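Secondary and tertiary structure notes
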Amino acid sequence: MNIMVYNTLGRKVEEFKPISEEEVKIYVCGPTVYDYPHLGHGRTYLAFDIIIRYLKYIGFNVKTIINITNIDDKIIKRAKKNNEDPQELADRFEQIYYEDMDALGIEKADFYPRVSDTIPEIIEFISTLIKKGNAYESNGDVYFDVSTVEEFGQLSGQKLEEMRSGARVAIREGKRNPYDFALWKNSEEGDPYWDSPWGRGRPGWHIECSAMSMKYLGSQLDVHSGARDLIFPHHENEIMQSEAYTGKKPFVKYWIHTGFLTIDGEKMSKSLGNFITIRQLLEKFDPEAFRLFVASTHYRNPIDYSEESMNQAEQNLERIYNVKRLLENAIASNQLNGAKSEFLEEISKIKQEFFNSMDYDFNTAQALAQYFELIKSANQAITQNADKQILQTFLDTINELGRIFGLFQNERREKEIPEEVKKLVAAREEARKQKDWKKSDELRDKIKELGYLVRDYPDRTDILPIEKE
Ligand code: AMP
Ligand code: ZN
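Residues numbered from 1 in each chain as written. Chains lettered and ligands numbered in written order. Predicted model: local features only at pLDDT ≥ 70, side-chain atom pairs only at ≥ 80, totals over all residues. Heavy atoms only, no water.

Segmentation of the protein into domains returns domain 1 (18-281), domain 2 (307-404) and domain 3 (419-465). A separation of 33 Å is found between the C-alpha centroids of domain 1 and domain 3. Taken together, the contacts link 8 residues of domain 1 with 7 residues of domain 3. Summed over both sides, the interface of domain 1 with domain 3 buries roughly 570 Å², with 49% coming from carbon and sulfur. When the buried area of domain 1 at its contact with domain 3 is split by residue, Arg 92, Gln 95 and Glu 99 rank highest and sum to 62% of it. Applying the counting criterion to the domain 1 and domain 3 interface returns 0 salt bridges. Where domain 1 packs against domain 3, one counts 0 residue pairs in polar contact (both at pLDDT 80 or more). At 6 residues, helix α3 (residues 86-103) tops the list of elements feeding residues into the side of domain 1 that touches domain 3. Residue composition of the side of domain 1 that touches domain 3, grouped by class: 2 nonpolar, 1 polar and 5 charged. (Domains from an automatic or database assignment. Contact = heavy atoms within 4.5 Å. Buried area = accessible area lost by both parts, 1.4 Å probe. Salt bridge = Lys/Arg side-chain N within 4 Å of Asp/Glu carboxyl O. Polar contact = N/O pair within 3.5 Å; in protein donor to acceptor, adjacent residues only side chain to side chain. Helix = DSSP H or I, 4+ residues; strand = E, 2+ residues; numbered from the N terminus. Nonpolar A, V, L, I, M, F, W, Y, C, P; charged D, E, K, R; others polar.)

Following this line, the structure appears as C-alpha cells:
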C-alpha cells in the first residue's frame with residue numbers, strides 16, 4: 001500500500017511518507033469568521049474531510065488542526081457596518097462555522113485554535129524574526145524582509161527579481177521591498193488592539209498560521225493545505241517566515257491545495273457576491289448529496305456548481321440508499337439459494353480498483369465511479385437471487401467504502417436528544433436569563449458529561465451530540 005500525493009511544492013506526484021510513523025500532522029487553513037460559510041468553503045473542507053477519512057481508514061494516526069481567523073480587517077469592517085463588537089461578531093460566525101461543518105458531516109479537527117488566543121506566541125515569533133534580521137519595524141508596523149531569504153517562490157514558482165521589475169504593487173510607505181508583508185499592524189484608533197513591543201496593534205494574516213501550526217503541531221508538518229488561492233502569497237509567506245524562524249528546517253513536507261468551486265465558471269467568493277451559503281444549500285439538498293457532488297471531481301480540479309448537478313447527486317444518493325434497503329430486505333428473507341460466487345470475485349476486484357484510485361492522489365472521482373459499479377453489481381446479485389452471504393458481502397462493502405466518502409451519517413444526525421439533557425438545557429437557559437453564569441457553566445458541564453454540547457446563538461441555543469470516534 002503506497003499512497004501517492006501531488007505536492008504543490010515541486011509540482012509532482014510523490015510517495016506519501018509522513019515525517020514520523022506515529023502521527024500524520026495536518027494543518028488546514030481555517031475560515032475568516034465574519035460571514036456564513038459558502039459552498040466554496042464546503043468544497044475545500046469536505047475534500048480534506050474525505051482525504052483525512054481515507055488516511056485514517058488505511059491506518060494512519062492523523063492529527064488535524066484548523067485555525068479560526070478571528071482577527072482580520074474584514075471582521076472589523078463588517079462589525080463597523082453592523083454596529084457590533086468585532087469579537088462578538090467573530091464568536092458568532094465561529095459557532096456558525098462549526099454548525100455548518102457539522103451539518104455537512106465533516107469530522108471535527110483535533111483542535112481549532114483562535115488567533116486571539118495565540119497573541120503571545122505570535123509576538124514571540126515576530127520578535128525572533130526581528131532579532132535574526134528577517135523582519136523590521138516601521139512606524140508601529142512590522143514587516144518581513146523578503147530579500148533576506150533565498151526561499152522566495154518555492155511554492156508558487158514566482159521569482160522575486162521578475163516580480164520586482166514588473167511590480168505593480170506600490171511600495172507602501174515604510175516597506176523596504178514591494179513584497180515585504182506585514183507581520184504586525186499598527187491598530188487605528190477605535191480598532192481592536194493588543195499590546196506589543198511595537199505598540200498597540202494586531203497580527204497580520206500570514207504569521208498566525210505559522211505560529212498556530214507550530215504551537216500545536218511542532219516546527220515541521222506533514223501536510224499543510226487550503227484552496228489554491230492560498231498558494232500565493234499566503235503559503236509562500238508562511239514558508240519564508242517559518243523557515244527563517246526555525247533556521248531553514250523544512251516547514252511542510254506536502255502542500256496540498258484544492259481547486260475552486262465555481263459558479264458559471266467563476267470562483268465562488270464573498271467579494272464577488274456570487275455565493276450560495278451552506279445553509280441555503282441544505283434547505284434544498286441532502287448534505288450527503290453535496291458530498292457525492294464534491295467527490296465526483298478530483299480535489300485539485302475546479303468544480304462547477306449547479307442545481308442540475310445537485311439533482312443528479314441526489315439521484316445517485318437515492319440509488320445508494322435503495323440498494324442498501326434492497327440488500328437488507330433480501331438478506332432478511334429466506335428465499336435465496338443461488339450461490340453465484342463469481343460476485344465475490346467482482347466485489348474484491350472493484351474494491352481493489354477503488355483503493356488504487358484513492359491511493360493515487362485521492363482520486364475520489366474515479367473511486368466514486370467504481371463505487372457505482374459495485375452498486376450496479378449488487379443490484380444484479382439481488383435480481384439473480386444470489387446467496388445470502390454474497391449479499392451480505394455487498395452490503396458490508398457498500399457501507400465500508402461509503403464511509404470513506406463520509407456517507408451514512410444520517411442516523412447520527414437524527415438521534416433523538418434525551419429528556420434529561422433537554423431539561424438541563426432549559427435550566428441553563430433560565431440561569432443565563434438570571435445572569436447566573438456560574439450555574440450556567442456548571443449546567444453546561446453536566447450536559448457535556450451526558451455527551452452533548454450546547455452552542456449559544458443570540459437567538460437560540462443548539463444541542464449537539466459529541467461525536468465519539
Ligand atoms: P476564507 O474564509 O475566505 O479565508 O477561506 C477559507 C478556506 O476556504 C480557504 O482554504 C480558502 O482557500 C477556501 N475557499 C474560499 N473560497 C473557495 C472556493 N470558491 N472554492 C474552494 N475553496 C475556497
Ligand atoms: Zn493560513
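Having seen the structure, we can now continue with the description.
Looking now at the packing of aromatic side chains. Tallying each qualifying case throughout the model produces 26 aromatic pairs. Measuring from ring centre to ring centre gives 5.9 Å for Tyr 97 and Tyr 98, while their planes differ by 55°; the resulting arrangement is tilted. Each member of the pair, Tyr 97 together with Tyr 98, is buried. An angle of 75° between the planes, with centres 6.3 Å apart, marks the rings of Tyr 371 and Phe 372 as edge-to-face. This pair shows no difference in class: Tyr 371 is buried, exactly as Phe 372 is. Ring pairing ties together the aromatic residues Tyr 54, Tyr 57, Phe 354, Phe 355, Tyr 371, Phe 372 and Phe 405, which thus form one cluster. Stacked on the ring of Phe 260, the Lys or Arg Lys 267 has its end atom at 4.8 Å from the ring centre. (Phe/Tyr/Trp six-rings, centres within 6.5 Å; stacked < 30°, edge-to-face > 60°. Buried < 20%, exposed > 50% of the residue type's maximum accessible area, 1.4 Å probe, protein only. Lys NZ or Arg CZ within 6 Å of the ring centre and 35° of its normal.)

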